[in-house]
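These are the residues of each chain, in order.
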Amino acid sequence: RTRCLKHAAMVLSFLFVLPTPWALQTAWAEDADSVPADVEFIQVTATRLAFSRELLPASVSVITGAELEAMGARDLRTAMSLIAGVDIAPGGDGGPAGSVPGMRGLREFDAFLLVVDGVPWGGAFNPEVAAILLSDVDRIEVLRGAAPVIYGATSFVGVIHVIHHPAGKSDHLARISYGSHNSASLTGSFALPESGSYRQSLAFEGETRGFSDPQAGVDSGHVLYRGAMDAGGGKLQFDANTLVLRQDPTSPQPRKGPVLDPDFPLDANHNPSDARLDEDFYQLSGTYELPLGRNDWVTTLSATHVRNDIVRGFVDEEYVDDGSTPNAAGFTQVRDTDGVYFDSHLVQRLSAEAQLMYGVDYLYGGAQQTSNNFVYYVPIDGSNAPPSGLSPVEQTIELRDRRNFYGQYVQLNAEFAGKFGLLAGFRLNQTQENRTTNEISADGMEEGGSDQRSKNRPGGIIGLSWKLWQESADFLTVYADYRNSYKPAAIDFGPEAESDILEPETGVSYAAGIRGKLLDQRIEFEANYFDMHIDNLVVTQSVDGHPGLTNAGKEHFKGVEVEARYRMTHDLILLGNYAWHDARFGEYEQLFGDTLIQLKGKRLEMSPEHLAALGLVYHPVSGLHGSVVWNYIGSQYLNKRNTALVPSYSIWDVTLGWRLEHWDFTLAGYNLGDQRRPVAESELGEGQYYRLPGRTIEMFVTRLF
């Protein structure tokens, strides 16, 4: 953590002395009544083109940057706490800065696609959730269901799209905070001086965060630079992202029968004493838009490099605390990941109401890692854990993986007579993967393995909408869609030598819904039903006593999701949602010990059947402001055999503040009920679960320019 603090101090000291006279306005002064009109047409995730939400034949939720500010959103869980059907577990194997979103009843670390400013983050591998910057956010769009045409072989159950303000248009603020466990942060965003048509802005975030586990913590420094200019008759925009992240990980807690083992203290940390999850993230991306008469040609290119330096450990499934016998397995790991994303498409305006988009894209992922595995002894309370260097290396595992995803696609967006909408698209996916592993034992014996897989598979979508009724700005629209998606299997980047490439996952889904606005737009709502079938879903399974991944036959997901908002007054909004998810295994047998068990009809683990939320947000231009958000998480099973049931529980988040012309003072409390339920299953620790982080209180002081 000391190394990270030095990096963060250098970055933030530079940022803090930047002059700010050019900051001309503040997002706090925006007219709250303008939000509905803006939200109506800004949706781009489902179609890549602006499409009226009145006629959009897909389920998309939008939460604005102003609403994120009002709720005091500080991580992905709080940012999306009022989105129907989304259940986000903070932490997990990605460390306390990460999270594991659940959508449509499926919570897997790679089941959804994370997009930031039009670029898939994590690309051909797994979403880079810990690298999200929540400063200077214009809005977050959440698409339920796959996006099999424009994002191809990466989107499966949903898309979370974080969209920052354009270059030169920032929130113009600086904020400091201090809170529980000596947590502190400095964030801000500014528009930098313009030069001719060149516009630029800077957003930054630096923090140190503590937890009830005194050995866990996060230190980070994150900078986003955005630039844009007119060039060659078109518009060029580019981003530069840099993240320095240093994490001291928490430990998951083993399950004993139907509950988490009560012999383990609540915040015991069983990692080696030098445990770390260090990440350096660098990304450059650019987009060029060129008008060609009635057409538009858009090209995006992004390159990413990530370096991970890891030391961590997990207690054994058969834990023995006799004072000496090794009872935990640890590993050190150095991993380098490179990614390239390229997309070029032409948008042809067939008429004032119809657009045809056709293009090509390419996604590359390259990863190489070296892991050194060892065993060690740690007491049940986690005290006096040894450093990794004191234990002899039992195995060295080398892994190299290369992924190339190609796609050609065509998509039609059309609106007819202001009453009918059409979204139809087809894509041909071509994916190639090569993997090699090498296992070196302590006595120098080597054993290698390799595999390769190529697959050509189509995917597509068709959606229809019909506006049943409209009076002035109020309306009712019904819609339905069909999606056919495909996704190569995930890699968990664990310390095991898994040379076999799993079968790709495929999915078919149907959805139907209704949305509308009533009472002169004061009430806005949407309800949808979905039915989704997935083949070869990747799940965890014990392999020779160690956690691994395997394909799990067939699964069936269905459910109902409802969300609504009621603008009670100019500044007071009531938001609510409810979701019922039924996620069950189809034909799938798994070995538990020496017994082969058929799981057909069992609910997927860590999948709540009921979710609900209610939020009251008061956000005037000045004076008293605040928010109250209540989240209900229904009962869920911890295991595939459905013998360990976690009862339902609730989470409360509250903010209260006072806003002046140039200053804002806010007190925020998160998880005020101090719930510590298990929320995420470890992919690396057999039968172990991460708990919800405990109660935190933070004070924010914001300077508005």
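That block above? That's the structure.
Along each chain, residues carry numbers from 1 onward, in the same order as the chain's sequence is written. Per-residue local features are limited, in this predicted model, to residues with pLDDT of at least 70; the limit for side-chain atom pairs, both in listing and counting, is 80 or more; totals at the level of whole chains, interfaces and linings are taken over all residues. To obtain the side-chain values, all non-hydrogen atoms of the structure were included, while hydrogens and water were left out.

Quick look at the sheet that holds strand 5 (residues 113-116)
Put simply, the rule reads: Any two strands are treated as partners once DSSP identifies two or more bridges connecting them. Under the DSSP-based scheme used, a helix requires at least four consecutive residues in state H or I and a strand at least two consecutive residues in state E, with every element numbered from the N terminus.
The sheet built from 5 strands is open, its strands ordered 1-7-8-5-6 with mixed pairing. Only two strands of the sheet have a single neighbouring strand rather than two, namely strand 1 (60-64) and strand 6 (119-120).

Details of the pairing of strand 7 (residues 137-144)
Applicable threshold: We call a residue buried when its accessible area falls under 20% of the maximum for its residue type, exposed when it is over 50%, and partly exposed in between, using a 1.4 Å probe and counting protein chains only.
Burial runs high along strand 7: 7 of the 8 residues are buried. Here 5 bridges tie strand 1 to strand 7, and the two strands are oriented antiparallel to one another. Paired with valine 62 across the bridge in strand 7 is glutamate 141. In this sheet, strand 8 (residues 158-164) lies alongside strand 7 in antiparallel orientation, the contact comprising 7 bridges.

Some details on the packing of aromatic side chains
To keep things clear, this is the line we draw: Only the six-membered ring of Trp is used, alongside the rings of Phe and Tyr, when aromatic pairs are assigned; centres must lie within 6.5 Å, and planes under 30 degrees apart are stacked while those over 60 apart are edge-to-face, with the rest tilted. Only lysine NZ and arginine CZ atoms are considered, and such an atom sits over a ring when it is within 6 Å of the ring centre and within 35 degrees of the ring normal.
On inspection of all chains with the given rule, the structure shows 14 aromatic pairs. Ring geometry for tryptophan 663 and phenylalanine 665: centres 6.4 Å apart, planes at 15°, overall stacked. For tryptophan 663, a relative accessible area of 38% puts it in the partly exposed group. Take phenylalanine 665: its relative accessible area is 34%, and that puts it in the partly exposed class. Through pairs of rings, three or more aromatic residues link up here, namely Phe190, Phe204 and Phe705. The ring of tyrosine 151 is capped by arginine 48, whose NZ or CZ atom sits 5.5 Å from the centre of that ring. Across from the ring centre of phenylalanine 475, 5.8 Å away, lies the NZ or CZ of lysine 467, which sits over that ring.

Structural notes on the environment of asparagine 528
The condition that has to hold: What makes two residues a contact is simply this: any of their non-hydrogen atoms within 4.5 Å. Contacts described as polar in this section are N or O atom pairs within 3.5 Å, which, within protein, must combine one atom able to donate a hydrogen with one able to accept it, while residues neighboring in sequence count only if both atoms come from side chains.
Counting through the fold element by element, asparagine 528 comes out in strand 25 (residues 523-535). Taking the C-alpha atoms as reference points, asparagine 528 and threonine 569, 41 residues apart in sequence, are found 27 Å from one another. Discounting chain neighbours no more than four positions away, the residues touching asparagine 528 are Ser59, Arg104, Arg144, Tyr479, Ala512, Gly513, Gly559, Val560 and Glu561. Engagement of the side chain of asparagine 528 in a polar contact is seen with the side chain of arginine 104, the distance being 3.3 Å.

Some details on unusual backbone geometry
You will see that methionine 606, though not glycine, has its phi angle at about 60°, which is positive. Its location among the elements puts methionine 606 in the loop between strand 31 (595-598) and strand 32 (610-618). On the accessibility criterion, methionine 606 (4% relative accessible area) is buried.

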